[in-house]
Every structure is written in C-alpha cells, then in structure tokens.
Number of protein chains: 2
Amino acid sequence: MSAQPASPRSGRAAILDAIRAAGSISRVELVRSTGLTGATVSTTVRRLIEEGLVVETGRGRSTGGKPRTQLSLDPQARYAVGVHLDQAGITYVIADLGGGVVGRWRTAGLGADAPPAVVQRIADEVRGLLQGIGTPQDRVLGLGVVAPGPLTPAAGMVLTPPVMQRWTRFPLAAALEDATGFPVLLDNDATAAAVGEYWGGSVVPTTAFAALYMGTGLGAGILVDGVVYRGASSNAGEVGHVCVQLDGPECWCGSRGCIEAVAGTAAVVAEARAEGLLPSPASGRSVLDDFATLTRIALRGDVRAEAIMQRSARYVAVAAQALTNLMDLDLVVLTGPAFGMAGSLYLPVVQRRLTASSFARRSHPVRATVSANAPDAAAVGAAALVLQTELTPIRGVRSSALV
Amino acid sequence: MSAQPASPRSGRAAILDAIRAAGSISRVELVRSTGLTGATVSTTVRRLIEEGLVVETGRGRSTGGKPRTQLSLDPQARYAVGVHLDQAGITYVIADLGGGVVGRWRTAGLGADAPPAVVQRIADEVRGLLQGIGTPQDRVLGLGVVAPGPLTPAAGMVLTPPVMQRWTRFPLAAALEDATGFPVLLDNDATAAAVGEYWGGSVVPTTAFAALYMGTGLGAGILVDGVVYRGASSNAGEVGHVCVQLDGPECWCGSRGCIEAVAGTAAVVAEARAEGLLPSPASGRSVLDDFATLTRIALRGDVRAEAIMQRSARYVAVAAQALTNLMDLDLVVLTGPAFGMAGSLYLPVVQRRLTASSFARRSHPVRATVSANAPDAAAVGAAALVLQTELTPIRGVRSSALV
C-alpha cells in the first residue's frame, strides 16, 4: 500500500544515490538504507552493472557470516559538463559520476558578440575540452548551463543586466542542444552554486542553507534538507534585489536601492574609481578584474579601500540576515568569485550580524563560512545538477520549471 | 515497490483529505484520486464510518451503471479550537471538521498578568466557549495556539517584544495542556494565517504564496503547493525584521532599521502621535486601537494621516517585494487586523510595486489581495492547523519542530 506509488525511476535513482553517498556498499546494506525490497535491489543492481554504472569492488569485512560483495559507482561511467555564463567569463567544468572534477577551463565572457555566435563558440569549446581530456562523447549525460536569473524554460533569460541585454528571451537551451547534440539543463547560477556546495559534501544533509553568491551580480541558492527551494518559477533567492534604500540608486532590475545596486561588485568598483583608487575603465577588463585589484589594495591595508569594502560588507551582511530571517536558515556559505577574493574581508562582518541579530538566534545558531570552491562554484554546481538528474530521487524539486 | 513506504496513517489521512476537498465523493472516485487500492479504500472507509468521521450521504448520479454511494465528512464529528495570543487581545475560534467556523470570541490581551494566570484564564475561556456552543469535549481534537515568533517546542516564545517579555521561555504548550486537558499545538501566528487562507479555499492549491500579516508585529507565513515552508526551526517568514535602514531605529529583535521598527503599526502610531493626530497613550488602549483611529482619520481624507500611512505602505510594499524576490511567489495576501482596517490604503501601493519591480515579473505575474478574513486569520489558521493533523497527509512539513 502506498499513497504515492513510486515510479521505477525513483528506485533506480535511490539505489544510485545510496551507492554514491556510501562510496562502497553491499546489497544488504542497500536494502536497509533505501527501504526497497531485496528483489528490487537485486534486479536493479544487475541492470546497473550491465549498463556499466556500478561495479563490484571485492568483499567487505565479514561480520560473522560470509563477507558481502561491495558495490561502487564507476566514476568514469558517466560525465557531465557544467557551463557558467557570465559577463566576466565563461567557466567550464567536467565532473565524473562520483562528483570529481576532471577538467576546468575559463574563457572570455559573453562580451558584445551576438548570442548565436557565442552559442557556436560554447559548442566548440565544450567539444575541445572533452577531446582534450579524452572523455568519450557517449558517456556525457549532458550540459548544465547556468546564468543569472530570472530564467524561463522556453525563453532563457527574461530580464538581464544592461551588459547582457542581447540575451533577453534568446532560446538558450534549445540553441545549445542544437549546437552540441547534448541535452541541456538551464538553471540559475546561484542555485547551481548551492547544489555544488551540497554535492561536494561540505554541507550536512539536514542543513537549511543558502549559498550567497557574489560575482558580477548578487544572488542566493537555497537548499533545505538537500532539496532546492524553487518557489513558483525557479527564480527564488534574489536577495541582491531586496530594497535597502527606498529612494536609492536605480537598479537594472527596474527597482531602486537594491542591495546589488548599493553594494554589489559594480557599485564597489564605481565608488573606488570615484575615489581615485582604480584607473579609468579599460576595455577587456571586467568588473571582477577591477574588484580583484581593489581587494588586493584593501588587503595591503589601504584605509580608503578597506572602508569601501567594509561598507559593502555591511550591506552583504544585511542580505545574509534577510535570507536567514525569511527562510530560517542555519548556514550561509559565501561563494562566487568576489568572495573567492575578498571572503576574509566580508566573513567577519556577516558572521557578526548573524550572531547578534538573526531573528531565530535563540532557537539555533546561524553560521557563516566561505566556500572552499568559491571561484568555480556555479560551474561545478551546473555539472552536479546534471549528475543529480541521473542519481537523485526527485524530492519535490520543481525541475520541470526549467529543464 | 516503494522507495518511501507509506505509513497506515498516510492512507487514512489521504482519504479524509480527499473527502474534505471533494465535499462528496464515491469509493471508486477515492481510489482514482488517492492512488490507493480498492481494498485499502474500502477497509479505511469502513473504519472511518465506525468512528463517525465519515457518513454515507445517498447516491450520486448514475453514469450508466448503478449509482454509487457518496461519502462526506460529518462536520460535527470533530472540532478544533484556535487561539491567537497577542498583546492587543486573545482571539478564539472553534472550527468544525469541515473547516466551518462555529464560534468566535475575543477577550482582553495578555496584559501585565503573569503567564500562569493567563494560562488559567485561557483554560477557563476555552471551557466556557465550548460549553456555550454545546460542543462535546470528547469531539475536540485539540488546541492550536499561535503567537509571534520565534518559538521553540520546549520553551515557547524565545524572543519577545518588550510588552510580552514575561513570556520569554515560558513552557506555554505544556502549561496549556495541563490546564485544559487537550493536546496543544504551538505555531507562529503568521504561518497559521497562511494555512487559514489556504484551508478557507481562497488560494489555488498550486500557488506559491505568502500571507503578509500585520497586527502588533509584521511577519509572513509561506505556503508553496499547499506545504508550509518552515526552514530550519519553523521560524521562517520574519519579513518584518528585514533591515531597510542600516543605521535606523533600534528594533526589539536586537537589530536596527527593521521594516517593523520603521513602518509597523507601533511606528505608525508613534509618528501620528508626534504630529498630534492621536491623543496621549491611554491605559487599556492597544496599539491596534490607536491604529484603527488613525485609519479612520486617514480614510476621512486627513492629508497628514494619509501621508503617514502612505509612507508605511511603501515599506510594507518593500516587505512584499523582499518576500517575492527571495521566495519567488505569485501571490501576497495582506492579512491580520491592521490590513483588516487599512487594507484599502496599503493594497494599491503593494500591488504597484510588485507589478513594476518584482524580479520574476517577466516569468509570471505577482498578485496582491486583502484577505476576506483578515481580523481573525491567525486564530482561524490555528484551528486549521489542528484539523490538518487529522486530515492532511504529512508532505514535508517539519511539524515535529513545533508540536
């Protein structure tokens, strides 16, 4: 009897996920950990071995009876490509079925090229990267492509920062599927960063956490008990567009006084430039290049640079607090290239605010950390999202809203 | 085969919920709508009829074969008591199994009395209300008690506004269980208001929505696809404590410049008093009494009163926008006593902001409405939460965090 009959898919996915999580596991332990019947486990495992996804890896320690055959994933059985599109650069990651990153590449950003030309470039770069590493095409599950939101499945990006406006409503997923021949999964870059963090094992499964992502923009991906929080259309977590100054500066999103407009990387760079700390804009230099320069100046102890970044950090802390107070989280991971550079300047300010004034602080502590993988987090997560479609039982994620 | 074996409880709850949602339904239709086997439906329905929860209500229209016996809930079979604790007043609601409100009562607020005395008063008032309506005690499922957060199951309120500070860490649920003899479920008042809205049928089940609750405080309850979003400890939705002025006025929560501190009912009343629009504070008058007076003055066309409320409405609109941008919602319902009075002043300002600058506006519209049940929403929702424990299959709600 079951109120929600499980599809054959979920049994397979549950077994794959249990093997991945355990590293090495016996059939008997699989029955225990998945709740499936012995017959189901046995049939499914046989099929997974035939497909080459699972291998028998010798015998475990005896617990009195005869030692049990251990099962593992064959990490080389499948691969996924993660692609992070950003104005400042395109980042590629190839991950294997075990979640290991076997290749990374970073190329020029979207620039001023027309979307079809960029799509062709991405297809060429993906092909080159796979060939360079020697990954057989038929083992590639697909491309996870992540970009700043808001996104829709059909139209791709539907509202874009000024520098990316030519991408508005370009049918990105379909064009990339045509150009590469691979299935393409499109998602928000901050959501991908959160999935990458979880997938990489740095977050306890029962945590309610946000990956607060600062790159060219500022956003967040949210996972509660391992499930992505997506809301109505998979465009949740846009904490960069919480208003902190009612009549503040205009934001590209159509609002005013957004945290991103007041304290994001572009705002920080503009302020530093106005104070003469950075030279005039140079072609070929992205906002993140300038942010990196400013971070180095601040870390060397320049008081004015430090003050600019402290002010930004206070607003980022407000963003972290808004996330925890609305979503009741117990962890905020600072990630993305900006925190990869300046995490040590931002983290104490964020942690101080969460400790002192997060609303649920007397129910449970709220911790802040900097991701160990901050620069590539979104691309790693993009690959993880694709691997998840093969491995993870669907648990309430509205993946249909984007795939 | 099932990856998540359903408990016997969930079959029973699924059947009860399907009967409630349909109003009247045959056994064959129950099999179709729940996915349970005919044998399970038949056995469970027989037991529910024996318990008096379900009644046979004649025969449906024939569709060619022999007409089918229809099943309905007996609304008088079970009752739940909803109790909303607030500084400004205690609101009681008795709801029957069909969700119909059969009794309402409003008594004095928590005042300065010691918690044990208030608990005794609540127990007396609940008993009086049940006797007055003639509800048999043995048909009462329990008390849903809702209060401002943050809450913990053991300690009750763990951080309280100054006027409620004697309630900090008082073991509210246990004390009320002792005093009334009924099971007590403790939850956040704004969450309850959202559940009440959903339960009352005014919200389409697939909606991602927030009930933005303004009473003495400002908070929100969030439901996505009919499931309460709870986060780490059931203290989500605290949008009144999003910072909109970095160095703004101190808030009782320990932070500064919170939306509630800048634009909640107490801030509005204080501003009106400073402008001479309201008399000095009088004992026995709550903030909501003063807010009601100011609303009447504004609705009569007083320009200064209108300006004060417009300013508050702009910040409430920022709160609604923060909710939609972080949680990706498609509906915000304004509820609670303050919007019950002044909803017509706040709604246009909120809707304008959501239409113009909600981040996902090109993916889907975001609508704002005023609840038809705004003054009693939290108490009605408190009763609905109790009825839900009997009726609704548990779908990911972390109810154990609070019950």
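As a reminder, the structure under discussion sits directly above these lines.
Residues numbered from 1 in each chain as written. Chains lettered and ligands numbered in written order. Predicted model: local features only at pLDDT ≥ 70, side-chain atom pairs only at ≥ 80, totals over all residues. Heavy atoms only, no water.

J.: Please clarify how the overall build of chain A should be interpreted in this entry.
T.: From N to C terminus, chain A includes 12 helices and 15 strands. At 22 Å, chain A has a C-alpha radius of gyration in line with the 22 Å of a compact globule built from 403 residues. The dimensions of chain A, computed from C-alpha atoms along their principal axes, are 75 × 55 × 40 Å. When the 403 residues of chain A are sorted by exposure, 59% land in the buried category. Of the roughly 15000 Å² that chain A leaves accessible, carbon and sulfur atoms contribute 53%. For chain A, the distance from the average site of its 35 positive side-chain charges to the average site of its 32 negative ones is 6 Å. (Helix = DSSP H or I, 4+ residues; strand = E, 2+ residues; numbered from the N terminus. Rg over C-alpha atoms; globule rule 2.2 N^0.38 Å. Buried < 20%, exposed > 50% of the residue type's maximum accessible area, 1.4 Å probe, protein only. Areas by Shrake-Rupley, 256 points an atom, 1.4 Å probe, with all protein chains shown as cover. Lys, Arg positive; Asp, Glu negative; His and termini not counted. Charge placed at Lys NZ, Arg CZ, Asp CG, Glu CD.)

J.: Looking at this structure, I do not really get unusual backbone geometry. What am I missing?
T.: With glycine set apart, most residues show a phi of negative sign, and most peptide bonds adopt trans. Even without being a glycine, Asp225 of chain A presents a positive backbone phi close to 55°. Under the relative-accessibility criterion, Asp225 of chain A is labelled partly exposed at 31%. Unusually for a residue other than glycine, Arg169 of chain B sits at a positive phi of about 65°. As for its position among the elements, Arg169 of chain B is in the loop between strand E9 (156–157) and helix H5 (172–180). Overall, Arg169 of chain B belongs to the partly exposed group, its relative accessible area being 46%.

J.: Teacher, can you tell me more about the nonpolar core here?
T.: Where a protein is soluble and globular, its nonpolar side chains tend to be buried together. Grouped together as the largest cluster of nonpolar side chains are 110 residues, with contacts concentrated most on Leu212, Tyr229 and Tyr346 of chain A together with Leu212 and Tyr346 of chain B. With near-sequence residues (within four places) excluded, Tyr346 of chain A lies in contact with Met214, Val268, Phe291, Met309, Ser312, Ala313, Val316, Leu334 and Phe339 of chain A. Membership of the second largest hydrophobic core comes to 48 residues, among which are Leu30, Val54, Val146 and Ala211 of chain A. (Core = buried A, V, L, I, M, F, W, Y, C linked by side-chain atoms within 4.5 Å. Contact = heavy atoms within 4.5 Å.)

J.: Explain the relation of the copies chain B and chain A to me, please; I cannot follow it from the model alone.
T.: Both copies of the chain are related by one operation, a rotation about an axis with a shift along it. Relative to chain A, chain B is turned by 180° and slid 0.0 Å along the rotation axis, the superposed coordinates differing by an RMSD of 0.0 Å. The superposition operator between the copies reduces to a two-fold rotation axis. Closest approach to the rotation axis among the C-alpha atoms of chain B is made by Val244 of chain B, whose C-alpha sits 2.2 Å away. Most of the interface of chain B is mirrored in chain A, where 100% of its interface residues are also at the interface. (Least-squares fit on C-alpha atoms with pLDDT ≥ 70 in both.)

J.: Help me out: how do you make sense of helix H9 (residues 287–299) of chain A in this one?
T.: All names here are of chain A. Here H9 is 13 residues long and its end C-alpha atoms lie 18 Å apart, about the 18 Å a rise of 1.5 Å per residue gives. Among all positions in H9, only Leu288, Asp290, Phe291, Ala292, Leu294, Thr295, Ile297 and Ala298 are buried. Buried residues along H9 sit in contact with strand E11 (208–214), helix H8 (265–274), helix H10 (303–327) and helix H11 (337–357). Among the residues trailing H9, Gly301 stands out with phi positive, at a value near 105°. (Expected span 1.5 Å × (residues − 1).)

J.: Before we go on, may I ask you to explain the packing of aromatic side chains in this structure?
T.: Aromatic ring pairs are reported here in terms of the distance separating the ring centres and the angle at which the planes meet. Residues and elements named next belong to chain A. Following the criterion strictly, the structure yields nine aromatic pairs over all chains and no others. Summarising the aromatic geometry, the rings of Tyr92 and Trp105 are spaced 6.2 Å apart at their centres and angled 40° between planes, so their arrangement reads as tilted. Residue Tyr92 is located in strand E5 (residues 89–96), and its partner Trp105 is located in strand E6 (residues 101–107); the two are separated by 13 residues in the primary sequence. Since its relative accessible area comes to 38%, Trp105 is described here as partly exposed. Measuring from ring centre to ring centre gives 5.3 Å for Phe339 and Tyr346, while their planes differ by 75°; the resulting arrangement is edge-to-face. Tyr346 shares its class with Phe339; the two are buried. (Phe/Tyr/Trp six-rings, centres within 6.5 Å; stacked < 30°, edge-to-face > 60°.)

J.: Help me out: how do you make sense of the sheet that holds strand E4 (residues 79–86) of chain A in this one?
T.: Each strand in a sheet pairs with its neighbour through backbone hydrogen bonds, running either in the same direction (parallel) or in the opposite one (antiparallel). Residue and element names in this part refer to chain A. Ordered in space as E6-E5-E4-E7-E10, the five strands form an open sheet in which the pairing is mixed. The strands lining the two open edges of the sheet, one partner per strand, are E6 and strand E10 (184–188). The average undirected angle you get between the axes of adjacent strands in this sheet is 20°. In this structure, E4 lies alongside E5, joined through eight bridges in antiparallel fashion. Paired with Leu85 across the bridge in E5 is Ile90. Across the face of the sheet, helix H4 (residues 115–133) comes into contact with E4, E5, E6 and strand E7 (140–147) while running at roughly 40° to E5. Strands in contact with helix H6 (residues 189–199) are E4, E7 and E10; relative to E10, the strand with the most contacts, it is inclined by about 100°. (Pairing = 2+ DSSP bridges. Axes fitted to C-alpha atoms, helices over the stretch in contact; angles between N-to-C directions.)

J.: Hey, could you run me through the sheet that holds strand E13 (residues 227–228) of chain A in this one?
T.: All names here are of chain A. Across the sheet, five strands lie side by side as E13-E12-E11-E14-E15; this open sheet has mixed pairing. The open sheet has two edge strands with one neighbour each: E13 and strand E15 (367–370). Pairing analysis gives five bridges linking E11 to strand E14 (residues 331–335), with the strands arranged parallel. The residue bridging Tyr213 from the neighbouring strand is Thr335, located in E14. Against the sheet, H11 engages E11, E14 and E15, with an angle of about 165° to E15.

J.: It is not clear to me how the environment of Ala378 of chain B should be interpreted in this structure. Could you clarify?
T.: All names here are of chain B. Note on placement: Ala378 falls in helix H12 (residues 377–391). With relative accessibility at 0%, the residue Ala378 sits in the buried group. C-alpha of Ala378 to C-alpha of Glu306: the two residues are 72 residues apart in sequence and 27 Å apart in space.

J.: Sorry if this is basic, but what is going on with the packing of helix H9 (residues 287–299) of chain B against helix H10 (residues 303–327) of chain B here?
T.: Relative orientation and spacing of two packed helices are given, respectively, by the angle between their axes and the distance between those axes. All names here are of chain B. At a closest axis distance of 8 Å, the pairing of H9 and H10 adopts a crossing angle of 120°. Along this stretch, H9 crosses H10, giving a crossing that reads as left-handed. In this structure, H9 contributes Phe291, Leu294, Thr295, Ile297 and Ala298 to the contact, and H10 contributes Ala305, Glu306, Ile308 and Met309. Across the contact of H9 with H10, the residue classes break down as seven nonpolar, one polar and one charged. (Left-handed = near helix turned anticlockwise from the far one by under 90°. Nonpolar A, V, L, I, M, F, W, Y, C, P; charged D, E, K, R; others polar.)

J.: What should I look at first to understand the environment of Gly237 of chain A in this one?
T.: Residue and element names in this part refer to chain A. Residue position: Gly237 is located in the loop between E13 and helix H7 (259–263). Classification of Gly237 as buried rests on a relative accessible area of 0%. Expressed as a C-alpha distance, the spacing of Gly237 and Ala210, which sit 27 residues apart in the sequence, is 8.4 Å.

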